[in-house]
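What the coordinates show
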Amino acid sequence: MSAYPFLVLPIPWLVSPETVLFREKLQEKVEDNDRLGLPSSHKEVPFFRLDASISSLEQQLKSAKAQNMPKTGSGLVSFDEMKQRFLNFKKHKYLEEMEHFQTLADVQTPKFMVIACVDSRVCPSNILGFQPGEAFMVRNVANIVPPLENGPTETNAALQFAVNTLEVENIFIIGHSNCAGIQALMNMQDEENHSFVEKWVAIAKNAKLRTKADANGLSFDQQCKHCEKESINLSLLNLLTYPWIEERVRKETLSVHGGYYDFLNCTFEKWTLDFKTRSSGGHGSIFSAKDRELWS
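Report on the accompanying structure. Predicted, not measured: the structure shown is a model, and the values here were computed from it.

**Comments concerning helix α6 (residues 180–187)**
- Counted residue by residue, α6 has six buried out of eight residues, so it is predominantly covered.
- Of the residues making up α6, those classed as buried are Gly181, Ile182, Gln183, Ala184, Leu185 and Met186.
- Each element contacted by the buried residues of α6 is listed here: α7 (196–201), α8 (205–214) and α9 (220–239).

**Concerning the pattern of salt bridges**
- A full pass over the atoms with the stated rule returns nine salt bridges.
- Among the salt bridges present, the one from Arg121 reaches Asp119, with a minimum N-O distance of 2.6 Å.
- Owing to a relative accessible area of 34%, Arg121 belongs among the partly exposed residues under this scheme.
- Ionic pairing is found between Lys276 and Glu252, a salt bridge with its closest N-O pair at 3.0 Å. Of this pair, Lys276 sits in strand β6 (residues 267–281) while Glu252 sits in the loop between α10 (243–250) and β5 (255–262), and the two are 24 residues apart along the sequence.

**Focus: the packing of α6 against α9**
- Between α6 and α9, whose axes approach to 9 Å, the crossing angle comes to 110 degrees. Here α9 runs roughly perpendicular to α6, going by the angle between their axes. Judged by the twist between their axes, the crossing of α6 over α9 is right-handed. Between α6 and α9, the residues in contact are Ile182, Gln183, Leu185, Met186 and Asn187 and Phe220, Gln223, Cys224, Cys227, Glu228 and Ser231, respectively.
- Here the residues of the contact of α6 with α9 are counted per class, giving six nonpolar, four polar and one charged.

What counts, and at which threshold
Residues numbered from 1 in each chain as written. Predicted model: local features only at pLDDT ≥ 70, side-chain atom pairs only at ≥ 80, totals over all residues. Heavy atoms only, no water. Buried < 20%, exposed > 50% of the residue type's maximum accessible area, 1.4 Å probe, protein only. Helix = DSSP H or I, 4+ residues; strand = E, 2+ residues; numbered from the N terminus. Contact = heavy atoms within 4.5 Å. Salt bridge = Lys/Arg side-chain N within 4 Å of Asp/Glu carboxyl O. Axes fitted to C-alpha atoms, helices over the stretch in contact; angles between N-to-C directions. Parallel < 35°, antiparallel > 145°, perpendicular 65-115°, else oblique. Left-handed = near helix turned anticlockwise from the far one by under 90°. Nonpolar A, V, L, I, M, F, W, Y, C, P; charged D, E, K, R; others polar.

So yeah, pure geometry; function would need other evidence.
Structure follows, in structure tokens:
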């Protein structure tokens, strides 16, 4: 993928010397950050003793890549339609539940923190029926949670607020089928990550390595599906790199869960990290999953 330009100016001759200097400083900063790299592959990291394919619960992926799917020809097409949807919400939801919404205006007490993908087809509120005030939510490309050592991002900033301020009881990481972010990760040939997307999904490179080791004989589409779930498990473990999350999980005041939405077959898988099964292995700490369910 080619890198996106930092700025797009319709009148390039109006670029000031200050802007040029700013761009040069920014590029130097980006290059400095690139040199930091990611943790080396030989470093011990925790992992799930969990079959990411969950083959006993579902059939193998049957469809081609998302880009080959026909367009539906439906959906929101104008602000006029958006206006009507808002007015309909106000009339049939807000005004009928005004007391509830006025309470929400003063305070929010969600029990769930949801981390989901930005994909337009997988809105958690629509799929799982979250109502206003029920879930504190952040969405990013491929629903990735970076480890603590990667530094601040909007995702761990949201996690910190949800856990320390809102005191949520559950963190729910939701992945999905035909994830373009995971496809980008699986297609990467080297460590030279040129685009914003590549730099971001490279955080999950250990999920790719485990997929290549466990599912090397499968087709590319099946490997992507395996990696989509392996990446969720990796993000669950990355949550434990934050001391204020690990402490609450250990004290059982916070639970962390994985979810996988297959929008081709409309099924949903859910599992929970079993912190009590933590043990030491040759590659670091080993965890298992519990309370695995398939909703179909």
